[in-house]
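# Structural description and commentary
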Amino acid sequence: MTTRSSPAIAPILPGQTLGVLGGGQLGRMFTIAARRLGYRVHVLVPGNDTPTGQVADLEINADYEDLDAVARFAKGVSVVTFEFENVSAAATDTAAKYAPVRPAGSVLHTTQHRLREKTFLRDAGLPVTPFAPVRSLEELNRTLVQRGAASPTPIGVLKTASWGYDGKGQSVIRKPTDAGDAWASLKTDEAILEDFIDFECELSVVAVRGMDGSFTSLGPMLNTHVHHILDTSVTPTMLGDKIERQAIDIARATVEKLNVVGVLCVEFFLTRSGKLLINELAPRPHNSGHLTIDAHVSCQFEQQVRSICGLPLGSTRLHAPAAMANLLGDLWQHGEPNWHALLDHRDVKLHLYGKNDPRKGRKMGHLTVLGTTPEEARAKALAAREALTLKS
Ligand code: AMP
């Protein structure tokens, strides 16, 4: 459902040029959606022949901290968005002198730092994993002592405050004597200790907010992770209307309180007692939303284009229950995957990101399957992925 609260501001119309900071698969799928709508796209990225650059009109190879390059890039576009959120305030402030940045640099500032993000959510009255700041081993030991023997096992998860993703920069603390190794492994002077959540499952909502305050959402998606990396997503979640509605309401409150214009994904834990807790925010489209390309009328990338351009948000109607399975570089470890066997699964939609270095754990692509139920879609997606390992 889409709702509006105030009149639209002058929109950026097809034919104009959109700018994206970051050259990965999220920028690639944004660019494909933008070009389908008749926009041109420029990307600024440190590197060349990137997944986004391959499909953009112009790839500018520069570091995000090269402020002269950022200024030149922003002067050439009508709006700047990003697919990589660890861009400094100096870079977003520079871009903002020449073109609107959506979501704004202030949203990035909050969400690129776990302590700022969780403090913001807690102060906004939104449900978030209980946490404490940790700035030294002594502080970590003190915090663990305060938790005392009442703590369940494992006690918590220690995460770097910045630059963490896909489980990188985090360490599970099972007992107080793990503290020294956990602190040393993070190589940081600012961390966050979260309660370890013995969750029932993980889910996410892709929230979309327009310039006029309009709101729509995709999902929730039910997500499974392997080694902290997203493995599969399905929608609907099979968790029932009440939980799905609550997740969407929390996602809506989050983008409204953060004053987001654009797309923001809210990742949740559902605890065994049925409570939703926010684990993390991503101020951009999200891997769990990739199934929306094939399963919804307007996918998360089209919604990103529409929202940052000040256009009406698209319909999020679901064509059918859907499942997404990630394709990691691990699938290339014994040679080229068996694409023929995969594509023999006729209803699979294959998405590859144009990366030519299939390292273990690297996201190389994904596949999506629609089904009559989420379980059926998921079983088909897993069977299709399995076919990639068949000997040809
Ligand atoms: P993150 O990078 O913080 O999203 O963490 C990656 C994954 O690690 C999550 O999707 C969870 O599967 C797991 N994880 C992260 N934080 C916690 C926590 N506080 N309790 C239990 N599992 C967690």
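Worth saying up front: this structure is predicted, and the values here are computed from it rather than measured.

### Brief notes about the overall build of the protein chain
Tallying secondary structure elements over the protein chain gives 12 helices and 16 strands in all. In summary, the protein chain has a C-alpha radius of gyration of 21 Å against a globular reference of 21 Å for 392 residues, a match within 12%. Burial analysis of the protein chain (392 residues in total) assigns 56% to the buried set. Counted over contacts in the protein chain with a minimum sequence separation of 6, partners at least 24 positions apart contribute 63%. A total accessible area of about 16,800 Å² is found for the protein chain, and carbon and sulfur atoms account for 52% of it. Charge separation in the protein chain, taken as the distance between the mean sites of 42 positive and 42 negative side-chain charges, equals 2 Å.

### A short note on the environment of R209
Within the fold, R209 resides in strand β9 (residues 199-209). Under the relative-accessibility criterion, R209 is labelled buried at 12%. Residues R209 and Q304, 95 residues apart in the sequence, show an inter-C-alpha distance of 9.0 Å. When residues no more than four places from it in sequence are discounted, the contact partners of R209 are S214, V255, E256, N259, V260, V261, G262 and S307. At 3.1 Å, the side chain of R209 forms a polar contact with the side chain of N259. In terms of polar contacts, R209 uses its side chain to reach the backbone carbonyl oxygen of V260, at 3.0 Å.

### A few points about the packing of aromatic side chains
Two descriptors summarise a pair of aromatic rings, namely the distance from one centre to the other and the angle between the planes of the rings. Throughout the structure, instances matching the rule amount to 3 aromatic pairs. On the basis of an interplanar angle of 15 degrees and a centroid distance of 5.1 Å, the ring pair of Y64 and F84 is categorised as stacked. Here F84 lies in the loop between β4 (79-82) and α3 (89-96) and Y64 lies in the loop between β3 (58-61) and α2 (67-75), a separation of 20 residues in the sequence. When its relative accessible area of 10% is taken as the criterion, Y64 is described as buried. Ring geometry for F199 against F269: centres 4.9 Å apart, planes inclined by 5 degrees, an arrangement best described as stacked. Residue F199 is located in strand β9, and its partner F269 is located in strand β12 (residues 262-271); the two are separated by 70 residues in the primary sequence. Here F199 falls in the partly exposed class, since its relative accessible area comes to 28%.

### Focus: the pattern of salt bridges
The tally for this structure, following the rule as stated, stands at 19 salt bridges. The residue K118 makes a salt bridge to E194 at a minimum N-O spacing of 2.7 Å. Of this pair, K118 sits in helix α5 (residues 114-123) while E194 is found in strand β8 (residues 191-195), placing the two residues 76 residues apart along the sequence. Residue K118 shares its accessibility class with E194, and that shared class is buried. Counted as one network, the salt bridges with shared partners bring together R35, R40 and D57.

### Concerning the packing of helix α6 (residues 137-147) against helix α7 (residues 179-186)
Interaxial distance between α6 and α7 falls to 10 Å at its minimum, and their mutual angle equals 140 degrees. Considering their axes alone, α6 and α7 lie oblique with respect to each other. When you trace α6 past α7, the crossing you get is right-handed. Contacts between α6 and α7 involve L137, L140, N141 and L144 from the first element and A179, G180 and W183 from the second. Across the contact of α6 with α7, the residue classes break down as 5 nonpolar, 2 polar and no charged.

### With respect to the pairing of β12
In the case of a regular strand, side chains alternate between the two sheet surfaces. Counting buried residues in β12 gives 10 out of 10 residues, a clear majority hidden from the surface. Where β9 meets β12, 10 bridges bridge the pair, whose relative direction is antiparallel. Residue pairing in the sheet places R209 in a bridge with G262 of β12. Where β12 and strand β13 (residues 276-282) come together, 6 bridges link them in antiparallel fashion. Of the residues in β13, the one forming a bridge with L270 is L276. From the end of β12 to the start of β13, which pair antiparallel, there are 4 residues, and G274 there has a positive phi angle of about 85 degrees.

### A few points about the nonpolar core
With 45 residues, the main nonpolar core has L203, L264, F268, L276, I278 and L367 as its most contacted residues. In terms of residue count, the dominant contributor to this core is helix α8 (residues 241-258) (7 residues). Domain assignment of the residues forming this core places at least three in each of domain 2 (130-195) and domain 3 (199-387).

### Description of the site of the ligand
Lining the immediate surroundings of the ligand are 18 residues, of which K159, I197, E202, H228 and E280 lie closest. Contact between the ligand and D195: a nitrogen atom at 2.9 Å from a main-chain N or O atom of the residue. Between the ligand and the protein, one listed contact pairs an oxygen atom with a side-chain N or O atom of H228 at 2.8 Å. Out of a free accessible area of 470 Å², the ligand has 94% covered by protein chains. Those elements that provide at least two residues to the shell around the ligand are β6 (156-160), β8, β9 and β13. Class assignment of the residues belonging to the shell around the ligand gives a composition of 5 nonpolar, 6 polar and 7 charged. If you count residues domain by domain, the shell around the ligand takes at least three from each of domain 2 (130-195) and domain 3 (199-387).

Cut-off values and rules
- Residues numbered from 1 in each chain as written.
- Predicted model: local features only at pLDDT ≥ 70, side-chain atom pairs only at ≥ 80, totals over all residues.
- Heavy atoms only, no water.
- Helix = DSSP H or I, 4+ residues; strand = E, 2+ residues; numbered from the N terminus.
- Rg over C-alpha atoms; globule rule 2.2 N^0.38 Å.
- Buried < 20%, exposed > 50% of the residue type's maximum accessible area, 1.4 Å probe, protein only.
- Contact = heavy atoms within 4.5 Å.
- Areas by Shrake-Rupley, 256 points an atom, 1.4 Å probe, with all protein chains shown as cover.
- Lys, Arg positive; Asp, Glu negative; His and termini not counted.
- Charge placed at Lys NZ, Arg CZ, Asp CG, Glu CD.
- Polar contact = N/O pair within 3.5 Å; in protein donor to acceptor, adjacent residues only side chain to side chain.
- Phe/Tyr/Trp six-rings, centres within 6.5 Å; stacked < 30°, edge-to-face > 60°.
- Salt bridge = Lys/Arg side-chain N within 4 Å of Asp/Glu carboxyl O.
- Axes fitted to C-alpha atoms, helices over the stretch in contact; angles between N-to-C directions.
- Parallel < 35°, antiparallel > 145°, perpendicular 65-115°, else oblique.
- Left-handed = near helix turned anticlockwise from the far one by under 90°.
- Nonpolar A, V, L, I, M, F, W, Y, C, P; charged D, E, K, R; others polar.
- Pairing = 2+ DSSP bridges.
- Core = buried A, V, L, I, M, F, W, Y, C linked by side-chain atoms within 4.5 Å.
- Domains from an automatic or database assignment.
- Near = heavy atom within 4 Å.

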